[in-house]
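# Survey of secondary and tertiary structure
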Amino acid sequence: MHFSAFDAYLFDLDGVITPTAEVHMKAWGEMFNAFLAGFPGQKPWTDADYFAHVDGKPRYDGVRDFLASRGIELPEGDPSDAATEQSICGLGNRKNETFNEIIRRDGVAPYPGSGALIDTLRARGAKLAVVSSSRNAVPVLRAAGLEAAFPVIVDGNVAKEQGLAGKPAPDTFECAAKQLGVEPSRAVVVEDALSGVAAGAAGGFGLVVGVDRGVGPEALRRAGAGLVVADLGELVA
């Protein structure tokens, strides 16, 4: 990894910096399997559903896409819907409640390799940002002790406030690069989700690093990753 070739590094959060993707997967599974139990003949939710329809996307988009894959129609609802509401927003809010319960109960620690890379980049004076579809990015970073490492955080809340399209559109990464004062060609996108890798590729960033947490290296390359690793510690080894 030629660190001097780039000025900034834009990290996804879940599955890249912290193993919260596992928590998200568990929360999605609990929520959707309870929901699907009310639809006779529907197969249970699987990890394959997570990677195909939900991974890396804004929460309501993930709900909408998964339901479409099963031929289930629900009203859109409103983000203010209660978690008990049978709507797309209600299901998304139900999943978010489950996720936060798990984080409060168990806490979260960064992947050791990711922590090592972040420390290396900070020591070199690189500009760092987190770009996440999650609306829980700040509390997760705070729980992991990494909030101070990222002066720019573009999460689901920022995307909503600024009307930014979610991944696989490049808008949120472009927003982070602009806030850091860096041209996309001088920035690296670090992602584990196919939608995030595609967003980095679409934005013309200098390099897209795909972190293989289960989706597979070939799928990451097809989506646009120029470099694929199993762990970010490989970049500083």
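Given the structure is predicted, the values throughout are model-derived calculations rather than measurements. (Residues numbered from 1 in each chain as written. Predicted model: local features only at pLDDT ≥ 70, side-chain atom pairs only at ≥ 80, totals over all residues. Heavy atoms only, no water.)

Glancing now at the domain arrangement of the protein chain. Taken as a whole, the protein chain is organised into domain 1 (8-19 + 109-235) and domain 2 (22-106). Contacts between domain 1 and domain 2 engage 17 residues on the former and 14 residues on the latter. Overall, the association of domain 1 and domain 2 removes approximately 1200 Å² of surface from exposure, summing both partners, and the carbon and sulfur fraction of that is 51%. In terms of surface lost to domain 2, no three residues of domain 1 exceed Pro19, Ser133 and Asn136, which account for 33% of the buried area on that side. Where domain 1 touches domain 2, the interface holds zero salt bridges. Here domain 1 is connected to domain 2 by four residue pairs in polar contact (both at pLDDT 80 or more). A class-by-class count of the residues in the side of domain 1 that touches domain 2 yields five nonpolar, six polar and six charged. (Domains from an automatic or database assignment. Contact = heavy atoms within 4.5 Å. Buried area = accessible area lost by both parts, 1.4 Å probe. Salt bridge = Lys/Arg side-chain N within 4 Å of Asp/Glu carboxyl O. Polar contact = N/O pair within 3.5 Å; in protein donor to acceptor, adjacent residues only side chain to side chain. Nonpolar A, V, L, I, M, F, W, Y, C, P; charged D, E, K, R; others polar.)

Each neighbour pair has its own omega, and for Lys167 with Pro168 the value is 20°, a cis peptide bond. Mapped onto the fold, Pro168 is located in the loop between helix H7 (156-162) and helix H8 (171-180). (Helix = DSSP H or I, 4+ residues; strand = E, 2+ residues; numbered from the N terminus.)

This part covers the nonpolar core. By size, the foremost hydrophobic cluster in this structure holds 35 residues, and its most contacted members are Tyr9, Phe11, Ile17, Phe150 and Leu232. Of all the secondary-structure elements, those providing two or more residues to this core are strand S1 (8-11), helix H1 (20-36), helix H4 (88-106), helix H5 (112-123), strand S2 (127-131), helix H6 (137-144), strand S4 (187-191) and strand S5 (207-211). For this core, the element with the highest residue contribution is H6, accounting for four residues. Looking at this core, you find at least three residues from each of domain 1 (8-19 + 109-235) and domain 2 (22-106). In this structure, Phe11 is in contact with Val16, Ile17, Leu117, Ile118, Leu121, Leu128, Ala129, Val130, Val131, Phe150, Val190 and Leu232, ignoring residues within four places of it in sequence. (Core = buried A, V, L, I, M, F, W, Y, C linked by side-chain atoms within 4.5 Å. Buried < 20%, exposed > 50% of the residue type's maximum accessible area, 1.4 Å probe, protein only.)

This next bit is on the sheet that holds S2. Across the sheet, which stays open at both edges, the six strands sit in the order S3-S2-S1-S4-S5-S6 with parallel pairing between neighbours. What marks the edges here is a single partner per strand, and that holds for strand S3 (152-154) and strand S6 (227-229). Each neighbouring strand pair of the sheet contributes to a mean axis angle of 20°, computed without reference to strand direction. Judged from the four bridges that link them, S4 and S5 form a sheet pairing that is parallel. The partner of Glu191 across the bridge, within S5, is Gly210. Along the sheet, H5 contacts S1 and S2; its crossing angle with S1, the most-contacted strand, is approximately 150°. (Pairing = 2+ DSSP bridges. Axes fitted to C-alpha atoms, helices over the stretch in contact; angles between N-to-C directions.)

The next point concerns helix H2 (residues 47-54). For H2, the set of buried residues is Asp49, Tyr50, His53 and Val54. Take H2 and look down its axis: the buried residues cluster within an arc of 105°, on one side only. In this structure, the buried residues of H2 make contact with H1 and helix H3 (59-69). (Arc of directions from axis to C-beta.)

Right, let's talk about the packing of H1 against H2 for a bit. For the pair H1 and H2, the least separation of the axes is 10 Å and the interaxial angle reads 105°. Classified by the angle their axes make, H1 and H2 are roughly perpendicular. Residue-level contacts link Ala21, His24, Met25 and Trp28 of H1 to Asp47, Tyr50, Phe51 and Val54 of H2. Broken down by class, the residue content of the contact of H1 with H2 amounts to six nonpolar, one polar and one charged. (Parallel < 35°, antiparallel > 145°, perpendicular 65-115°, else oblique.)

Turning our attention to the packing of aromatic side chains. Taken as a whole and assessed by the stated rule, the structure comprises nine aromatic pairs. Ring centres of Phe35 and Phe39 lie 4.9 Å apart, and the angle between their planes is 45°; on these two criteria the pair is classed as tilted. For the ring pair Phe173 and Phe205, a centre distance of 6.1 Å and an interplane angle of 70° mean the geometry is edge-to-face. Residue Phe173 is found in helix H8, and its partner Phe205 is found in the loop between helix H9 (194-202) and S5; the two are separated by 32 residues along the sequence. A single burial state applies to Phe173 and to Phe205, both of which are buried. Taken together, the ring pairs connect Trp28, Phe32, Trp45 and Phe66 into an aromatic cluster. Above the plane of the ring of Tyr111 lies Arg213, whose end atom (NZ or CZ) is 3.6 Å from the centre. (Phe/Tyr/Trp six-rings, centres within 6.5 Å; stacked < 30°, edge-to-face > 60°. Lys NZ or Arg CZ within 6 Å of the ring centre and 35° of its normal.)

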